[in-house]
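# Fold and geometry: a report
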Amino acid sequence: MAFNDDDKPPTSNTGSTKGLVSIKPVKYFKDDAALTADTVTAEVEINATSSTTVREGLDLVAVLDVSGSMRGDKIASLKKAMTFVIMKLTPVDRLSIVTFSNDAARLTPLRSMTPAAQTELKAVVDGLAAGGWTNIQAGLETGLAVIAGRVNTKARTANIFLMSDGEQKPGDARQVDPGQVAIYTFGFGKDTNHLLMSDIAKRSPGGTFSSVPDGSTVTLPFSQLLAGLLTVVAQDVELTLTPKTDDGDVDTIVVAPGTDYKTTTDAATGVVTIAFGTLFAGEGRRVVITLTLKDVSATNNEEYDAPLAEAQHSYTAQGRPRDPQLPQDIQIRRTPTPSQAPGASSKARQVQAEIARRNHAEAIRQARLLADKGDPESLDEARYKLVDAQNALEDIVLDSLADGQKLVDSLRAELVQLIKLMETKELYEAQGRPYALASETSHGRQRYCARGGDEDSDVRLFATPRMDTYREQAKNFEKDPTAPVPTADEDVKKEVAANPLAAISNDLAYYLRNAIEALRAIERIIAPSA
């Protein structure tokens, strides 16, 4: 199946790619380490710029379930959501619509979203009709074929929205290889095979699973992922951790579990590489690592700053070659009298909070596995597991900053909602399981997912500023679909007007970091002679 008929889009809004992704100073769980063999836990964080003035072009294939169970309110909600998506896109962006029931059909090639194309695709969406079985495999294969057959790929990011409301029949979509395409899945209603939809998303790089309960609108969860995809500032984002085993104090580096991204370790050098894929504007990725330190007590009896490793990130943007950034030193003070207690600094408490969040996510996963057994005793155990996680949150000590309190409040709200949805087996299977699966993929990918809670209990972990904007726009669109919807270009203009310095802050920060590193290098050279 080869199409090769995608529209040639105009050049995306090109600009400087410097500083689009930056690395923060490394944070440590404790303030010092012993001269004898010891371990150090550290957090390495990379962040994408909040500016949306430079972004990759979007190639989106919407793979939509139009089986018989979608009749009525469901397909009406789907049509409204797709209309919102079409109205948000610009000529830089391309959209293809694929439907599936007994088989799959590509209704449109990848079309550049000019005003004329928007009108045509809205008519295509308006004509969707439901009937037949739920051949998810055929729909996914067709969607991936559309992307594989692209002619124009430079500075573009390929993504699939896959929505279904039922059990797959025939075929098995788990057998489909997503390659390097991010697949964002949406489980619509209690009859969806939510575990299947979650597995499909997790098999793809960066994809997520969102839950859409019966009676919900599809527009809101679609709008949240669209907000991210229309602000992709960098692709092929990688973090490399190089241990200083020969000229430093470290033996090994181990990445802590809880980051659901491809991690490889070179057996000969110990170099660790983590591939994050794309980053939306305003997104970040946190990696927790454990470094084992050598025993140096036989040759050192005084405290000193010990070099452990280097952290360096790289990315591609606007079709330019991968651009390695300045490395960040990982080092800690070693002393004959270490405290060994958690650090008292604000940065140390942030590391503790990140570890607690990962433990929280693991508790949700374990609770889901217990509840999946289906018997009353296991369901009780699952709730007890979540109550224990609630109690653990009380031990998190953070600064009285809005971000810290917001994190704790979100984690608490997540647990409260899940405990409610595990009251009975029926409620769990209809809403609790998809809520837990969405939570797991959100924490693992460090990316927002719609968990399926009501508007008041919506957990906004990892949401970006553009997502917050689109959420309000989507709610207004649901109330009045005839009202105008701002395009993505208009959203950028509004953001720039609100913060004119954002567009140049990346370059300024980039050159400032370079200047600081140059001064540090000079200091290291002249310090011994001084």
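Fair warning: this is a prediction, and the values are worked out from it, not measured in the lab.

Another aspect to go through is the overall build of the chain. When its secondary structure is counted, the chain shows 12 helices and 18 strands. Relative to a compact globule of 530 residues, whose C-alpha radius of gyration would be 24 Å, the chain shows 24 Å and is just as compact. Expressed as lengths along the three principal axes of its C-alpha atoms, the size of the chain is roughly 80 × 60 × 45 Å. Across the 530 residues of the chain, 53% fall into the buried class. Considering only residue pairs separated by 6 or more positions, the chain has 77% of its internal contacts joining residues 24 or more positions apart. As displayed, the chain has an accessible area near 22400 Å², and 52% of this comes from carbon and sulfur atoms. A distance of 4 Å separates the average location of the 59 positive side-chain charges in the chain from that of its 73 negative side-chain charges.

In this section: the packing of helix 6 (residues 346-371) against helix 7 (residues 376-393). Following both chains from N to C, one finds helix 6 and helix 7 inclined at 170 degrees, their axes separated by 7 Å at the closest point. When the axes of helix 6 and helix 7 are compared, the pair comes out roughly antiparallel. Only Ser378, Leu379, Glu381, Ala382, Lys385, Leu386, Ala389 and Leu393 of helix 7 make contact with helix 6, whose side of the interface consists of His360, Ala363, Ile364, Gln366, Ala367, Leu370 and Ala371. In terms of residue class, the contact of helix 6 with helix 7 is built from 10 nonpolar, 3 polar and 2 charged.

What follows covers the UniProt feature "domain: VWFA" (unreviewed entry) in the chain. Annotation from UniProt places "domain: VWFA" (unreviewed entry) at residues 59-229. When the span residues 59-229 is considered, its composition is 36% helix and 23% strand, and the gap between its end C-alpha atoms is 9 Å.

Its place among the elements puts Ala317 in the loop between strand 17 (304-316) and strand 18 (328-335). Once the C-alpha coordinates of Ala317 and Thr219 are considered, the two residues, 98 residues apart in sequence, prove to be 29 Å apart. When near neighbours in sequence (up to four residues on either side) are disregarded, Ala317 contacts Thr17, Leu20, Glu56 and Val233.

Turning our attention to helix 11 (residues 488-498). The α-helix advances 3.6 residues per turn, and as a result positions three or four apart in sequence lie on the same side. The complete set of buried residues in helix 11 reads Ala488, Asp491 and Val492. Down the axis of helix 11, the buried side of the element spans an arc of 100 degrees, and every buried residue falls inside it. Opposite the packed face of helix 11, turned more than 90 degrees from it, sit the exposed residues Lys493, Lys494 and Ala497. Considering only its buried residues, helix 11 is in contact with helix 1 (73-88) and helix 10 (465-479).

Relative orientation of the contacting elements helix 1 and helix 2 (residues 115-126) amounts to 170 degrees, with a least axis distance of 10 Å. Our classification of the angle between helix 1 and helix 2 gives roughly antiparallel. Of the residues in helix 2, those in contact with Lys79, Met82, Thr83, Ile86 and Met87 of helix 1 are Gln118, Leu121, Lys122, Val125 and Asp126. Here the residues of the contact of helix 1 with helix 2 sort into 5 nonpolar, 2 polar and 3 charged.

All right, on to the side chain of Ser204 then. Of note, Ser204 is situated in the loop between helix 4 (194-203) and strand 11 (209-212). Once residues within four sequence positions are removed from consideration, Ser204 is found in contact with Pro178, Val181, Ala182, Ile183 and Arg445.

Taken in spatial order, the 6 strands of this open sheet run 3-18-17-12-15-14, and their pairing is mixed. Edge positions in the sheet fall to strand 3 (32-34) and strand 14 (262-265), since each of these pairs with one other strand and no more. Taking the axes of each pair of neighbouring strands and ignoring which way they run, one obtains an average angle of 30 degrees across the sheet. Note: strand 17 against strand 18, 7 bridges, orientation antiparallel. Residue pairing in the sheet places Tyr304 in a bridge with Arg334 of strand 18.

Rules used in this analysis
- Residues numbered from 1 in each chain as written.
- Predicted model: local features only at pLDDT ≥ 70, side-chain atom pairs only at ≥ 80, totals over all residues.
- Heavy atoms only, no water.
- Helix = DSSP H or I, 4+ residues; strand = E, 2+ residues; numbered from the N terminus.
- Rg over C-alpha atoms; globule rule 2.2 N^0.38 Å.
- Buried < 20%, exposed > 50% of the residue type's maximum accessible area, 1.4 Å probe, protein only.
- Contact = heavy atoms within 4.5 Å.
- Areas by Shrake-Rupley, 256 points an atom, 1.4 Å probe, with all protein chains shown as cover.
- Lys, Arg positive; Asp, Glu negative; His and termini not counted.
- Charge placed at Lys NZ, Arg CZ, Asp CG, Glu CD.
- Axes fitted to C-alpha atoms, helices over the stretch in contact; angles between N-to-C directions.
- Parallel < 35°, antiparallel > 145°, perpendicular 65-115°, else oblique.
- Nonpolar A, V, L, I, M, F, W, Y, C, P; charged D, E, K, R; others polar.
- UniProt positions renumbered as here; feature names shortened; annotations may be inferred.
- Arc of directions from axis to C-beta.
- Pairing = 2+ DSSP bridges.

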